Amino acid sequence: MRLETIIGLEIHVELATKSKIFCNCSTVFGGVPNENTCPICTGLPGTLPVLNEETVKLAITAGKALNCEINLVNKFDRKHYFYPDLPKAYQISQFDIPLCKKGYMEIDLGGNQKIVNITRVHMEEDAGKLIHLENEPVTLVDYNRAGVPLIEIVTAPELRSPEEAVTFLKSLKTILQYTGVSDCKMQEGSLRCDVNISLRQVGQETYNTRVEIKNLNSFREVLKALKQEEKRQRELYLHGKGDTIQQETRRWDENKQNTVIMRKKEESQDYRYFLEPDLGTLVIEESMIQGIEDNLPEFPRARRERILKQYGIKEDQADLLIREKHMINYFEAVVTFGGNPLEISNWITVELFKELKGKGEEVRIPIKPKYLAELIKMVQEESISRPAGKLVLKELLVKDKSPAEIVGEKDLEQISDVQELETIAFNIITENPQAVEDYKKGKAKAVGYLVGQVMKATKGQGNPQLIKEIIEKEVQK
Ligand SMILES: [Zn+2]
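Now for a description of the structure that goes with this document.

What counts, and where the lines are drawn
Residue numbers run consecutively from 1 along every chain, following the written order of its sequence. Local features are withheld for residues below a pLDDT of 70 in this predicted model, meaning they are given only at 70 or higher, and side-chain atom pairs are given and counted only at 80 or more; totals for whole chains, interfaces and linings count all residues. Calculated side-chain values reflect all of the structure's heavy atoms, with hydrogen atoms and water omitted. Cysteine sulfur atoms that come within 2.5 Å of each other are treated as a disulfide pair. Secondary structure follows DSSP: runs of H or I at least 4 residues long count as helices, runs of E at least 2 residues long count as strands, and numbering of each begins at the N terminus. Relative accessible area decides the class of each residue, using a 1.4 Å probe on protein chains only: under 20% of the type maximum gives buried, over 50% gives exposed, and in between gives partly exposed. Here the positive residues are Lys and Arg and the negative ones are Asp and Glu; neither His nor the chain ends is included. Salt bridges are defined by distance alone: a side-chain nitrogen of Lys or Arg within 4 Å of a carboxyl oxygen of Asp or Glu. Polar contact criterion, stated in full: a pair of N or O atoms within 3.5 Å, where within protein one must be able to donate a hydrogen and the other to accept it, and residues adjacent in sequence count only if both atoms are side-chain atoms. Contacts between residues were defined by any pair of non-hydrogen atoms, one from each residue, lying within 4.5 Å. Strands qualify as paired when DSSP identifies two bridges or more between them.

Details of the state of the cysteines
On inspection of all chains with the given rule, the structure shows zero disulfides. Here Cys-193 is not cross-linked by a disulfide; its sulfur's nearest cysteine counterpart is in Cys-184, at 12 Å.

Structure below.
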């Protein structure tokens, strides 16, 4: 039996508005629990929601970035479920008429382009957050997140492997960041993913029962959960038990490294959707859509092409840089201070990324672009050596000082004074007659040893190229 994997995604993205979707409370992450709440977002009786216009603009921006049709006449619906994170016991969402529909996004699968259809993008409000205390039978609730505007993006079941799903998510995240729709900080929950997965025989046209895995908070988790669930279903099919797969909602259990059942999947009728009577019809003017379209920024793919053409940097480095909008912005900011773009790209994607590794994907670079440009220039002009440059880089990450100040403080200036180096080299040669002997017998390596000794004597500050030239001249005498 040849099986293929069918994956569809539902992605919840917090919009980058300053205030919540139906009240004036701040959307800022963190803070004291329940600090950013009011009678509206805690669902007190007698309050009425007022729609935040910025929510609609950002949702349309997302729709346009994903090539969707925008629906001009919109309504909101109540989706009911009882859970303490939902103060009103219903969520204001959009049910049968989403704001955006029939879009698509192109993804790059190792050089091959694939179009993935987007079924819909709709607006809704986020729920609060439950905090389960570890050693007490108590659960706390924080409503700071309740009422933060979300869009839910639903793809067609067109992804064919866990890897493809992750590639899609990465591209989506980049586009949403570039367009300013969301900061997409996964560790803060601004981008969360539910996945639907089923298997079927190759050639079969209908879909088999699918399983939903909810609340995946990192690309790593998405990949692991999908692979594990794919394996679980495959084994059931291979043992003739495919029909025992239930439509259910599972979650990823990090400790068990497996998916575990949460609940049997609700059907939409379980949510008792009906029209939200407290919000009027939302009519969108064509001019508003046009205005948004006219102001769409340069998309990641176009920017990659431009960067390659404009600066002539390496393709793999361009890929690393465009992945995060603030990274490519940083690169271009450093370039404006002059210097060789190729060198700048090297320093950022090799040396700087090495230093930032393990600090999370969305980490900001604490070095002023001007300072990094200065540092690279100093290395290029050989006023400091490359190893010394790496040392300065480390210092720049923790200190707000200019590279020149750090070089002065640490006495890192490269010695390029020929006379000074000649004196040291002469001493080293006199102290190491064996190495000179070896060189004369044809061991070219002996020069390297002598250069190393001079470098040691200068505490790494000697200009290695100059030292090499001096030593070569001396030993040939
Ligand atoms: Zn509020």
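Re the side chain of Arg-120
Note that Arg-120 resides in strand S7 (residues 112-125). Glu-152 is the oppositely charged side chain nearest to the buried, salt-bridge-free Arg-120, at an N-O distance of 6.1 Å. Looking at Arg-120, its side chain comes within polar contact range of the side chain of His-122, at 3.1 Å. If sequence neighbours within four positions are ignored, Arg-120 has contacts with Gln-94, Phe-95, Pro-98, Cys-100, Lys-101, Glu-152, Ile-153 and Val-154.

Let's talk about the sheet that holds strand S5 (residues 90-93)
Here we have three strands laid out as an open sheet, ordered S5-S4-S15, and antiparallel in their pairing. Edge strands, defined here as strands with exactly one partner in the open sheet, are S5 and strand S15 (274-275). Across two bridges, the pairing between strand S4 (residues 77-80) and S15 is antiparallel. Paired with Arg-78 across the bridge in S15 is Phe-274.

As for the pairing of strand S11 (residues 191-201)
For S11, a buried count of ten out of eleven residues is recorded, marking the element as mostly surrounded by other parts of the structure. For strand S1 (residues 3-14) and S11, the ladder comprises eleven bridges, and the chain directions are antiparallel. Looking across to S11, one finds that Ile-11 is bridged to Cys-193. Of the pairings in the sheet, the one linking S11 to strand S12 (residues 211-216) comprises four bridges and is antiparallel in character. Counted as the bridge partner of Asn-196 is Glu-212 from S12.

That is the geometry; function is a separate question.
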